[in-house]
Number of protein chains: 4
Amino acid sequence: MFDKLHEECGLFGIYSRERKNLAADCYYALYALQHRGQESCGIAVNDRGVIHCYKDVGLVNEVFTKEKLAGLGEGRIAVGHVRYGTAGVNPQQNAQPMVVHHMKGTTALAHNGVITNAQQLRDEMEAQGAIFHTTSDAEVISQIIAAERLHCNSVEEAAVRAMDRLDGAYSLVIMSPSKLIAVRDPRGFRPLCIGEMENGCVVFASESCALDSVGATLVRDVEPGEVVVMDKNGMRSLRDKCGTCPKSHCIFEYIYFARPDSTIDGSSVHMARQRAGAFLALEHPVQADVVIGVPDSGLDAAMGYARQSGIPYGLGFIKNKYIGRTFIQPTQSDRENLVRIKLNPVSATVKGKRVVLIDDSIVRGTTCARIIKLLRDAGATEVHMRSSAPEFRFPCYFGTDIPSPENLIANKHTTEEIAKIIGVDSLGFLSCENVIKLCENTQGFCTACFDGKYPCQPPKDCGTNKHETLLPEEEE
Amino acid sequence: MFDKLHEECGLFGIYSRERKNLAADCYYALYALQHRGQESCGIAVNDRGVIHCYKDVGLVNEVFTKEKLAGLGEGRIAVGHVRYGTAGVNPQQNAQPMVVHHMKGTTALAHNGVITNAQQLRDEMEAQGAIFHTTSDAEVISQIIAAERLHCNSVEEAAVRAMDRLDGAYSLVIMSPSKLIAVRDPRGFRPLCIGEMENGCVVFASESCALDSVGATLVRDVEPGEVVVMDKNGMRSLRDKCGTCPKSHCIFEYIYFARPDSTIDGSSVHMARQRAGAFLALEHPVQADVVIGVPDSGLDAAMGYARQSGIPYGLGFIKNKYIGRTFIQPTQSDRENLVRIKLNPVSATVKGKRVVLIDDSIVRGTTCARIIKLLRDAGATEVHMRSSAPEFRFPCYFGTDIPSPENLIANKHTTEEIAKIIGVDSLGFLSCENVIKLCENTQGFCTACFDGKYPCQPPKDCGTNKHETLLPEEEE
Amino acid sequence: MFDKLHEECGLFGIYSRERKNLAADCYYALYALQHRGQESCGIAVNDRGVIHCYKDVGLVNEVFTKEKLAGLGEGRIAVGHVRYGTAGVNPQQNAQPMVVHHMKGTTALAHNGVITNAQQLRDEMEAQGAIFHTTSDAEVISQIIAAERLHCNSVEEAAVRAMDRLDGAYSLVIMSPSKLIAVRDPRGFRPLCIGEMENGCVVFASESCALDSVGATLVRDVEPGEVVVMDKNGMRSLRDKCGTCPKSHCIFEYIYFARPDSTIDGSSVHMARQRAGAFLALEHPVQADVVIGVPDSGLDAAMGYARQSGIPYGLGFIKNKYIGRTFIQPTQSDRENLVRIKLNPVSATVKGKRVVLIDDSIVRGTTCARIIKLLRDAGATEVHMRSSAPEFRFPCYFGTDIPSPENLIANKHTTEEIAKIIGVDSLGFLSCENVIKLCENTQGFCTACFDGKYPCQPPKDCGTNKHETLLPEEEE
Amino acid sequence: MFDKLHEECGLFGIYSRERKNLAADCYYALYALQHRGQESCGIAVNDRGVIHCYKDVGLVNEVFTKEKLAGLGEGRIAVGHVRYGTAGVNPQQNAQPMVVHHMKGTTALAHNGVITNAQQLRDEMEAQGAIFHTTSDAEVISQIIAAERLHCNSVEEAAVRAMDRLDGAYSLVIMSPSKLIAVRDPRGFRPLCIGEMENGCVVFASESCALDSVGATLVRDVEPGEVVVMDKNGMRSLRDKCGTCPKSHCIFEYIYFARPDSTIDGSSVHMARQRAGAFLALEHPVQADVVIGVPDSGLDAAMGYARQSGIPYGLGFIKNKYIGRTFIQPTQSDRENLVRIKLNPVSATVKGKRVVLIDDSIVRGTTCARIIKLLRDAGATEVHMRSSAPEFRFPCYFGTDIPSPENLIANKHTTEEIAKIIGVDSLGFLSCENVIKLCENTQGFCTACFDGKYPCQPPKDCGTNKHETLLPEEEE
């Protein structure tokens, strides 16, 4: 897939036994998680209870300079965040970590997911006089935990109590004045893992590739419903909410979001994608000369299709690696060329060949059609497309920014019609039966975007946000 | 005075009968108020209840580009803020206006002053579960107003009730979904005025020079204790708190902070400074050949001294007008030269002359001594210094960033000693008797920095801030 | 005068006996000369024959960062330049110093002025195969000197020979591998002075204010026609061209261009302006209550008028000091307000008063008219304008960017008509008789812009430039 | 290969029948050629003889904004350049295209290659009074052509004459007031091709991938020694120098420099690399479980090795695609981690496997050793390295920035020793016999870096540059 869907966030937290330049570790870890969010990023460092935080709109290597990192000082705990957000109001304000001051000191919180009852919780709290600075779920969670904190003895207990009130998907890393805490919702929608470094240093991260980047070793994943606490007494778990719901791991993490070099909930992302390709070869075989993938997320499945089918794997496209945020988009009349500027076919691979083209999904179909035209122009005699995800048909309420149903091509057309629209000789989607078999070591997935079976209640007023739409003026 | 003291903030608000590009008005008004705060600035525009806000660290013309202004959209109400802040934690987070969402919608608040019981109010609210995102007083005020809002029928009534809880100095401009509100504390420490534009447009600003910049006419000042409301029904006042305290206008607004072309509480700032010069000539006459002022704030008083004494006024210094934030400071060994780089004496004016040098105050005395040395090097045969403010002896708790008492030269030395230290032939300060006579049309001043008579209780733990000092770690 | 005319350039050169961080000295000196050119700037440092140069479009404190200065390294000779240029083609390319490599090594050249026969010289050299990289006169001069260098024994002799070929105005600072050389054209149009620092360090600068900024002492001015050489053998002069022409110092340096704290050719700029005010008071007396000047260049003359007439001097305007290059200009409909945004009248000074307003010149009259309207709006009962320059009537070919004759208001209207157009009660210009008496210690001025008496031949094709106009295509 | 060698430049030129926004075409073409030079870039547009040029240090999408492109205006001819340069003096000054004014108007020139007798040509011209502004060969070429232009009737004839004087490697695109000209040296070291667009538009580019990016079709390559002229009369050739030397195409263009989707001199770069892998499999077979390549340039050869050997191709590494110029490098102590931050192994691919690792070359061996250690840490049981280039042993004088011989690992060690140093179980290099067989349709290569057989005389004083080293000072 090529620039179509967006994950909400990437998290990182680190607890060290001694004061160190933890901001640098956060920087490299966030850099490894950059694919999970390119809108804004932030790092908060805790130096004996005082939290220094810097966050802004931009990529990790744009937002943070040497001076900015140095300005965060040394500390023993730190937390970082990268965020993707819809082009809403005030992206600057919604950047995380969210740092709040409360009765027990200052905490920083980083969140990945969507709280489906967030608006209801806001309404309740506002009715009691609470104010909110942002439109982000992270602030709702921070308020809930601060409120629960009044009724219990520790922030980790407050987190457990908060889980009774929060619905939806949430992986959290929380930094209190003296602790680093990881929380994963009872369904385990979004990933969160635990790593170790030398000297008893503990880290939490959305994906294991972030552990690799700081030289940490993957220990295990945070369990759905688990609260993991790290402080001067070591690491311990509160498992009150574990096993209270069936697991609902997001299958799309494996298909598209996560980095192939990550291992999530025990399964390699790369292997899951390669297996998707193999299943596709079994479900939708075809006579062809070469198998190619759409960079970058279609490549792994293409290798799997090639191995299973025996058709040689080839280099289909060169993706320009210098695209930056300041790249000038072609004018409307030239927009056709934009795909070619980013993604040029290798005619030596496809000219005069019957090509199997693997992508990870088909959403609207527009980009797809342009890519296929490029292949035809480069001399491919046949193009057989295979999608390593089933047809997208339903909205996601748990963190994937899928276009509204009326824009999903699979909602309006049969496979044959889609094949015609995008201009391929044949088209095959991975079946819903096989998509849940992609991971050798993992079970329990949310596949609602394919089959509409939501593991929990979608929000009532989903799609609207009272702070982002024009309202009638206040009547007093 | 030359780069020594700093005022906290400048405010601007505008209410229009029709949707317009109000962000541009804010931009020019904030630009006129830039002298009141150079650390950060922000503008919030209200378009039918939806507030778009942009704020960042930097000068008005650095923070706002055409694109940023356009991104704020059109609206009918807007509020802007420039801020000076001590080099504290997270200047980015403390930028204003402060935009908060609450039960009744979204409001934006801009504040100038210091709440002396802010820490106590924070503690109370935190004990009830409230969280704070910043260390700024503006957030305390926002929380208090939101809390009071639950017990009354309008935001303006909530503002009146909040005045019972807030101590210290505060001028506020508040934008609710449908109203623009100005609030001034009952003592009237900080200025706030009301202006009118064509088509029934109403503006509030810290100083009248901001009205001039947008073509508005000064109507009057907001009275101490007054809450002024502007909405579709027009402008009205809540005067419950008016007259509940003696007035305590900050005299230093006239001496240094405000722009000479502003009129504050009925008196011209320029005239007040010119009168200071005249009083100085009467109190501390001297035989001399030329009167010069230290740019920019000493010039008005120098003219006053010249007129009263009959000694000619002269151009003493050229101030380099290209100094920007990115200017490279000389290294330590060259620091002596920094004053000269910014401020070069005009030897044609002072060579062979007995010079009267007027500055608006003497704080530490260091810069003063360097300026006087420049004059001697340029050939002045005598230098007689006159300060248009009395001796600084006491800390200010109401918004002026005066160095701690042990760094104030007047606390450690007699006038004769100071004269010797800074190298002048004679030295005279304006008397406390006359400083309160500077304004023809205004009475009731706070002169605590000169005489230690504080109009209200200073904060108990002044000088410490629990969120900005290193704390023992939380014990749970 | 308020943003109307522009000088071409400012020069600085320094020769030290030991290797030092000379880039910093250049930085502060150029900063002091910033008023002479805001388009681009550059510094070249010579470290044992290797020249490191950095130059770019922008102000000194924008172009140079600490890293950029450090990147220039240490050296024993350095030269700097600030440039104003018409908004022409490739300002980036025309930035100076111009560094060229030739048979005898590398030289850097900084130029202030206009070579009136530049096009003819270019044509001659191009006909022999020479190529030019820029459209600047500095390159023509560099080529001429390199060509002459082939026929003599030193670069200073080449400079003397070059003076036979170059017509017009030129002050130069040239850095060869081992020497620093100052050159001033035989008529002495543009200023150039010599200063000394401790340890035998020698500096050249366009104005003495740059000497002050680096702690140097003014020794004398470079004489018209003189070539001053500084190398390891000390300073010496080649005076072959001295006295070959009458002096033609640009009178407008005193009236507007130069900084008041500079002394040029023996006369104080501030005193010259103050004397202009005094002459105006004598030539055009009036009954009035206050004398004010238009900041910044009208202030000195206003003081002179006030002293001579006995009418009190007042603070007429506050000029906003935060205007930066990124300032957003008002839209066309608001353009009327731009003057007010930059320049606000002090109504306390002018309300109900008969005002004498001094400016240094009237060019088009447009800005003037707006300023006068501001004064009337602020309550001035009468406005009597006095211009400290005579009427502008003729183009300048020697470095002043005067609008074309048809845009000069004095070319189309009588004084009475101009008074009516700009809206004043009376108007008076300094006479041509007195303008040449402004400087006590200097004689020999070019006043061609007032009287059309050009000291040398204007260029034949003045106003057109073959490289900057659209040409018929080359026919081959 | 992973960030080790650097090519000098990429060229693009376009000639249109009508005035259009050619700067945008240059932008997208240069963007496609960005891999050929990341130091600086520039675009020059010719509008009826007037050339507007903008160039600066930085990537294409950093240097050019919408405003900058618009500022170049419309035109009928344009030329662009990306440049890699050693970290020398004044990268800003050496940016291209080089725009020079001469007797026949203005021309812009873009150059890729190295003139081996440049210093000698400079000396000759300087001895006749010529001056140089830069240290670049492009200026030498410009001077030579301008000089020859005096003796012939057209710029293209001057180019032909210049070829008699220029030695070494040069591909040029030259824009005269009315023509666009492509020149390739008689040995054809560096690539240059011709493309066509609709409406008779002609383009020249270093690689065909740039043609794809603007929708042009590859017509043919410029022949070694050919001068191709495009003007209003259409395209024509001057072939005086064709066939005067044996061809010496740089083999390293195919192995590393060029983009795999380019076709150069008739052969696909991707296919050449894939064939390198196949040759390696034939020359150095091994028993193994998976073949992986070092991204990006080792991937094609890895596919070739896999196909030929029958060992499966696998995804060995994930390369972080967000690395930007502002990325903060790890401190010295963490430098070991830098490779991992940029390049993380996919343990699912290599764990427990015997791995064949393909890279395009081994230069110093340091990065190589780190990559191999990453694979071992990720669980590879054996690592067999294959290099798709022969051993680097000799310096390149024609545009490849190879480290000095004493830093080339193959100059100091046998293959067995290198295997031990970098930590592999076996190591094999492509043989010199086979490296010249990589391209199916191309013959005549320069392989001097492998075998020391230089196709023409290396420069006498190679490695030193009189303008970039510290010289004794000029004695006059």
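Look up a bit, the structure's there.
Residues numbered from 1 in each chain as written. Chains lettered and ligands numbered in written order. Predicted model: local features only at pLDDT ≥ 70, side-chain atom pairs only at ≥ 80, totals over all residues. Heavy atoms only, no water.

A. Main features of the pairing of strand β7 (residues 168-175) of chain D. All names here are of chain D. Of all the 8 residues making up β7, 8 are buried; the element is thus mostly covered by neighbouring parts of the structure. Note: strand β6 (residues 105-115) against β7, 8 bridges, orientation antiparallel. For A108, the partnering residue across the bridge sits in β7 and is M175. Two elements, β7 and strand β8 (residues 180-184), share 5 bridges in a ladder whose sense is antiparallel. (Buried < 20%, exposed > 50% of the residue type's maximum accessible area, 1.4 Å probe, protein only. Helix = DSSP H or I, 4+ residues; strand = E, 2+ residues; numbered from the N terminus. Pairing = 2+ DSSP bridges.)

B. Quick look at the relation of the copies chain B and chain A. When chain B is brought onto chain A, the operation consists of a screw motion whose angular component is 180 degrees and whose axial shift is 0.1 Å, with 0.0 Å RMSD remaining. The relationship between the two copies is best expressed as a two-fold rotation axis. The C-alpha atom lying nearest the rotation axis in chain B is that of A130(B); the distance is 3.5 Å. A high fraction, 98%, of the interface residues of chain B reappear at the interface in chain A, so the copies pair face to face through one surface. (Least-squares fit on C-alpha atoms with pLDDT ≥ 70 in both. Contact = heavy atoms within 4.5 Å.)

C. Up close: the pattern of salt bridges. Tallied over the entire structure, the rule returns 100 salt bridges over all chains. In this structure, D265(B) engages R184(B) in a salt bridge whose closest nitrogen and oxygen atoms are separated by 2.8 Å. In this pair, D265(B) is assigned in the loop between β15 (263-264) and β16 (267-268) and R184(B) in strand β8 (residues 180-184), connecting sequence segments 81 residues apart. The exposure classification of D265(B) matches that of R184(B), with both residues buried. In this structure, E74(C) engages R19(C) in a salt bridge whose closest nitrogen and oxygen atoms are separated by 3.9 Å. Here E74(C) is found in the loop between α3 (66-71) and β4 (75-83), whereas its partner R19(C) is found in strand β1 (residues 9-20), with 55 residues between them in sequence. Shared partners join several salt bridges into a network, and the residues in it are R19(A), D47(A), R48(A) and E74(A). (Salt bridge = Lys/Arg side-chain N within 4 Å of Asp/Glu carboxyl O.)

D. Looking closely at helix α1 (residues 22-32) of chain C. Extensive coverage of α1(C) is indicated by the burial of 11 of its 11 residues. For α1(C), the set of buried residues is L22(C), A23(C), A24(C), D25(C), C26(C), Y27(C), Y28(C), A29(C), L30(C), Y31(C) and A32(C).

E. Region of interest: the sheet that holds strand β1 (residues 9-20) of chain B. Residue and element names in this part refer to chain B. With antiparallel pairing, 7 strands are arranged side by side in an open sheet as β3-β2-β4-β1-β10-β9-β11. Sheet topology places β3 (50-57) and β11 (217-221) at the edges, where each strand pairs with a single neighbour. Going from strand to strand, the sheet's axes swing by 15 degrees on average, the running direction of each strand aside. Pairing geometry for β1 and strand β4 (residues 75-83), over 8 bridges, is antiparallel. Looking across to β4, one finds that F12 is bridged to G80. (Axes fitted to C-alpha atoms, helices over the stretch in contact; angles between N-to-C directions.)

F. Quick look at the pairing of strand β12 (residues 227-231) of chain C. Residues and elements named next belong to chain C. Of all 5 residues making up β12, 5 are buried, and the element is well covered by its neighbours. By the alternation rule, side chains of β12 split into V227, V229 and D231 and V228 and M230, which are all buried. Pairing geometry for strand β8 (residues 180-184) and β12, over 4 bridges, is antiparallel. Following the sheet pairing, I181 is matched in β12 by V229. Bridge count for β12 against strand β13 (residues 234-238) is 5 bridges, and the pairing is antiparallel. Its bridge partner lying in β13, M230 is registered against M235. The antiparallel pairing of β12 with β13 creates a hairpin that spans 2 residues between the two strands.

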